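What the coordinates show
This is what each chain is made of:
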Amino acid sequence: MGLVLIHRPGALKMKIAKGDTVVVRRGKEKGKRGTVKAVFPRIGKATVEGLNVVKRHSKQGFGGAKSAGIYEKEAPLPISALQYVCTKCGTPSRVKYKLSPEGKKQRICGRCGEVAAEPVKGR
Ligand SMILES: [Zn+2]
C-alpha cells in the first residue's frame, strides 16, 4: 500500500497492545471487555479474546483446527473502537505516556497513573 502517506508521525501510535484489557466502545460488542490477543497495526485492527467471534468453516487440519467442520474465531475489531482499561482502577481510561527513570517510555493510566504492563512481544 504505497499510497498511504503518514503526515503526522505518531498519529497512528498504537495505544493498545497485546495482553491489554480493553472495552469495546461501539458496534455489536459495545460495552464488552476482553484481553487483546493480537494487534495488526498495518490495518489498524486487533483481535480480542472472546469478542467478535465468527464461525468459520474449515477443512481438516486447516489453521490448526482439530477436525473438519465449523470452528469459532475472533475477527479483528478496529482499534479505534477499543479503549484501554486500567487493570488497577478497572476503568476505561486514556493512556498517557511518561518516561521511566531509565528514560524508557511507559504507558500509564490517565486516571490513576498506574503503569501499564509492558506490551507483550510477538503474537
Ligand atoms: Zn487506573
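So, here's what we can say about the structure. Remember, predicted model here, so these are calculated numbers, not experimental data.

A closer look at the coordination of the zinc ion
Looking at the metal site, the zinc ion is ligated by Cys86 (SG), Cys89 (SG), Cys109 (SG) and Cys112 (SG), spaced 2.3 to 2.4 Å from it. One can describe the donor arrangement at the zinc ion as tetrahedral, given that its four donor atoms subtend angles of 105 to 116° at the metal. Within one chain, the residues donating to the zinc ion are spaced in sequence as C-x2-C-x19-C-x2-C. The buried category is assigned to Cys109, whose relative accessible area is 2%. Residue classification places Cys112 among the partly exposed positions, given a relative accessible area of 36%.

Considering the packing of aromatic side chains
What the rule picks out here adds up to zero aromatic pairs. A cation over a ring is seen here: Lys105 above Tyr97, with NZ or CZ 5.1 Å from the ring centre.

Considering the pairing of strand E3 (residues 45-48)
With four bridges connecting them, strand E2 (residues 33-40) and E3 associate as antiparallel partners. Bridged to Ala38 within E3 is Thr47. Counting the residues between successive antiparallel strands, the hairpin from E2 to E3 contains four residues, one of them, Gly44, with a positive phi of roughly 65°. As defined by bridge partners, E3 adjoins strand E6 (residues 77-78) across two bridges and the pair is classed as antiparallel. Each bridged residue has a counterpart across the sheet, and for Ala46 the counterpart in E6 is Leu77.

Definitions and cut-offs
Residues numbered from 1 in each chain as written. Predicted model: local features only at pLDDT ≥ 70, side-chain atom pairs only at ≥ 80, totals over all residues. Heavy atoms only, no water. Donors = N, O, S within 2.8 Å, 3.2 Å for Na, K, Ca; no water. Tetrahedral: all angles 85-135°; square planar, octahedral: opposite > 155°, others 65-115°. Buried < 20%, exposed > 50% of the residue type's maximum accessible area, 1.4 Å probe, protein only. Phe/Tyr/Trp six-rings, centres within 6.5 Å; stacked < 30°, edge-to-face > 60°. Lys NZ or Arg CZ within 6 Å of the ring centre and 35° of its normal. Pairing = 2+ DSSP bridges. Helix = DSSP H or I, 4+ residues; strand = E, 2+ residues; numbered from the N terminus.

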